Structure formats: C-alpha cells, structure tokens
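Observations on the model geometry
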Amino acid sequence: MVSRKAWESVARLKGGLIVSCQASAGEPLCAPEHILALALSSLNGGAIALRLEGTENIQAVRNSKSVPRNVPVIGLIKSNLIQDCDRLSKAYITCCYEEARAIAQAGADIIAIDATGRDRADGLSLEETIERIHSQLGKPVWADCARFVEGVAAADAGADIVSTTLFGYTEETAAARDNGPALDLLVDMVAYLDLPIVLEGRIWQPEQLTVAFQRGAFAVVVGSAITRPALITERFVQAIPCTDKKSLRHE
C-alpha cells in the first residue's frame, strides 16, 4: 500500500515548478556531484520538487544535508537496455519493475514510468507494474504519456499522476524539439481524468508555464530550459544572423 507520507509527496507538487535535473552520458554535467549542484540551484530558485534520473544521482541528492527531506524526488531510470535508435518504438523510462525497485531503494518518493503502451522489458503489463510498485514498494506512480488514450489507460491501470512527458518522443507523436509543449493534450487530460495532470516537455518560456496552470495543470516540469547549458547555448547560437554556424564552433 502507498503510505501516507508518499501521498504527502504528491500533494506537495500542486501548483509548483518541478525541475528535471538530468544530463546524458558524455555531457560535462553527467556526474552525481553536478546533478546535486543543479538540484540545489533549482531549489534556491524556487522549485518545489526534483525529477532525477539514475540511482547514483538520486542517492547524491537524498544524502545531501543541503536538500530538505520534505522535497519530493520523482525518480526514473532511462534504461541502458534500450538503444537510442529504438527509443521511439520501445519503453525506456523505468521500463521494468527491477528498475522501479532500484529507484525506490535509492530514495525516490515517486516512481516515474513509461506509460505509452509500448512493450516493457520484463514483459509485465502497465497494470501489473503499477500494482507491484504500489504493493511492494509503497510508492505513487507517475505515468509518462504521449497521447490522450495512453493517459486514460494509465489512469485505468492505477497510476497516481499522469504527465505529457513523452509527447514528441514516440513513433505516433514524433516532433522537433522546438515544437512547444503539449498544451492541447494537457487540456484534454484535465477535462477527462480525475487525477493530477502534469505538463512536462518542450517548455522554454515562462509564459508557457503560466498558460499550463491557467489550463489546469497540477504542476509543471521544466528541464532543458533550466539545466541543459549546451542546449540553451545552442538556441542562442542559432539566433545569430549568419549563414555558417559551423564557423563559430571551436574545433
């Protein structure tokens, strides 16, 4: 059963900004000490919760005396079982129960999982996975979705939170990074589902966050626009009025 303390973590998210502090393998910030620094900076700026990838990063944040214990941590694992080229077609965010268990043991309060209906690495259904996380780990489940039908299915399967995280990152919804957030999907989910709906993904402007709350978002997650310096820099470089951007790069 999900504990009262775990439910309190969900309640704390309401009306706030959650910052996703992540870095891909090979990036300069891809180390637990750097993720902790990003997390602390985000909390100093007013974030109410953190979305963290990987057990080492979750442990680094949870073990830090500088991070208040009541700050909710949404944990996930981007599975190394799934190649980058397969991510449009296969579940890769906490794609099996054992990854969920590892996240819980590392100190996450809420477990984020792929809820797009794509095959999971351990063969469990979404409903079976959610039931095991509830009964064996005692944690709420955050369902990352890409489409309205997936949000409905996740709610029916017992998810506690539904988000728009994977809009643009599946075969059916694939879109460029600069397409903007899934505000229409948010509106549809808010109107139909009786559980917290979170907008996440492709949010680059504060005004988009404002609109999300006006349209009923329970909370909003921002990641790259805050914690990915290379992507932030790239956007500014692309705005330079010159035809050969390559000539501006260091070789």
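This text gives an overview of the structure that appears in the document. Here the structure is a predicted model, which is why all the values come from computation and not from measurement.

A few words on the pattern of salt bridges. For the coordinates displayed, the defined rule picks out 7 salt bridges. It is possible to trace a salt-bridge network through shared partners that takes in R51, D144 and E200.

With that out of the way, let us pick up helix α6 (residues 148-156). Among the residues of α6, E150, G151, V152 and A154 are the ones counted as buried. Buried residues along α6 sit in contact with α5 (126-137), β5 (141-144), β6 (161-163) and α7 (183-192). Two residues or fewer after α6 comes G158, characterised by a positive phi angle close to 110°.

Time to look at the layout of surface pockets. Estimated volume of the largest pocket: approximately 1,300 Å³. The wall of the largest pocket is formed by 44 residues, among which Q22, S24, K78, R87 and R228 lie closest to the centre. For the lining of the largest pocket, the secondary structure elements donating two or more residues are α2 (32-44), β2 (49-53), α3 (55-62), β8 (219-222) and α9 (224-227). It is α9 that contributes the most residues to the lining of the largest pocket, 3 residues altogether. Counted by class, the lining of the largest pocket contains 22 nonpolar, 11 polar and 11 charged residues. In this structure, the second largest pocket spans a volume of roughly 200 Å³. Lining the second largest pocket are R177, D178, G180, R202, W204, Q205, Q208, E234, R235 and Q238. No other element matches helix α10 (residues 229-238), which puts 3 residues into the lining of the second largest pocket.

This next bit is on the pairing of strand β1 (residues 17-21). Of all the 5 residues making up β1, 4 are buried; the element is thus mostly covered by neighbouring parts of the structure. Relative to β8, β1 is paired through 3 bridges, and the arrangement is parallel. In the strand pairing of β8, L17 is matched with V220. Strand direction decides the pairing type here: β1 and β2, joined by 4 bridges, are parallel. Residue pairing across strands places C21 opposite L52, the latter belonging to β2. Regarding topology, α2 serves as the crossover connection from β1 to the parallel β2, and that connection is right-handed.

This part covers the packing of aromatic side chains. Taken as a whole and assessed by the stated rule, the structure comprises 1 aromatic pair. Centre to centre, the rings of F148 and Y192 are 5.4 Å apart; their planes meet at 75°, and the pair counts as edge-to-face. Remark: Y192 occurs in helix α7 and F148 occurs in helix α6; sequence separation between them is 44 residues. A residue is classified by how much of its surface remains accessible, and F148, at 30% relative accessible area, is partly exposed. Its relative accessible area of 56% is what places Y192 among the exposed residues. Over the aromatic face of Y97 sits the side chain of R132, whose NZ or CZ is 4.0 Å from the ring centroid. Its end group placed over the ring of Y169, R202 keeps NZ or CZ at 4.6 Å from the ring centre.

What follows is about a negative patch on the surface. A contiguous patch of negative charge, built from D122, E127, E128, E131 and D156, is present on the exposed surface. Top element by residues in the negative patch is α5. It accounts for 3 residues. Mapped onto the elements of the fold, E131 is located in helix α5. A relative accessible area of 44% means that E131 is categorised as partly exposed.

On the basis of which strands lie adjacent, the closed barrel formed by 8 strands has the order β1-β2-β3-β4-β5-β6-β7-β8 and parallel pairing. Taking each pair of neighbouring strands and ignoring which way they run, the sheet shows an average axis angle of 25°. Pairing of strand β3 (residues 73-76) with strand β4 (residues 110-114) involves 2 bridges; the strand directions are parallel. From the neighbouring strand, I74 faces β4, where its bridge partner is I110. Packing against the sheet, α5 makes contact with β4 and β5, and its axis sits at approximately 170° to β4. Against the sheet, α7 engages β6 and β7 (197-200), with an angle of about 175° to β7.

The rules we used
- Residues numbered from 1 in each chain as written.
- Predicted model: local features only at pLDDT ≥ 70, side-chain atom pairs only at ≥ 80, totals over all residues.
- Heavy atoms only, no water.
- Salt bridge = Lys/Arg side-chain N within 4 Å of Asp/Glu carboxyl O.
- Buried < 20%, exposed > 50% of the residue type's maximum accessible area, 1.4 Å probe, protein only.
- Helix = DSSP H or I, 4+ residues; strand = E, 2+ residues; numbered from the N terminus.
- Contact = heavy atoms within 4.5 Å.
- 1 Å grid on protein atoms, 1.4 Å probe; cavity = no way out; pocket = protein on both sides within 12 Å on 5 of 7 lines; lining within 4 Å.
- Points joined across faces, edges and corners; volume = space filled by probe spheres on them.
- Nonpolar A, V, L, I, M, F, W, Y, C, P; charged D, E, K, R; others polar.
- Pairing = 2+ DSSP bridges.
- Right-handed = clockwise from strand over helix to strand, strands pointing away.
- Phe/Tyr/Trp six-rings, centres within 6.5 Å; stacked < 30°, edge-to-face > 60°.
- Lys NZ or Arg CZ within 6 Å of the ring centre and 35° of its normal.
- Patch = residues over 30% accessible without salt bridge, like charges linked within 9 Å, V, L, I, M, F, W, Y side chains within 5 Å.
- Areas by Shrake-Rupley, 256 points an atom, 1.4 Å probe, with all protein chains shown as cover.
- Lys, Arg positive; Asp, Glu negative; His and termini not counted.
- Charge placed at Lys NZ, Arg CZ, Asp CG, Glu CD.
- Axes fitted to C-alpha atoms, helices over the stretch in contact; angles between N-to-C directions.

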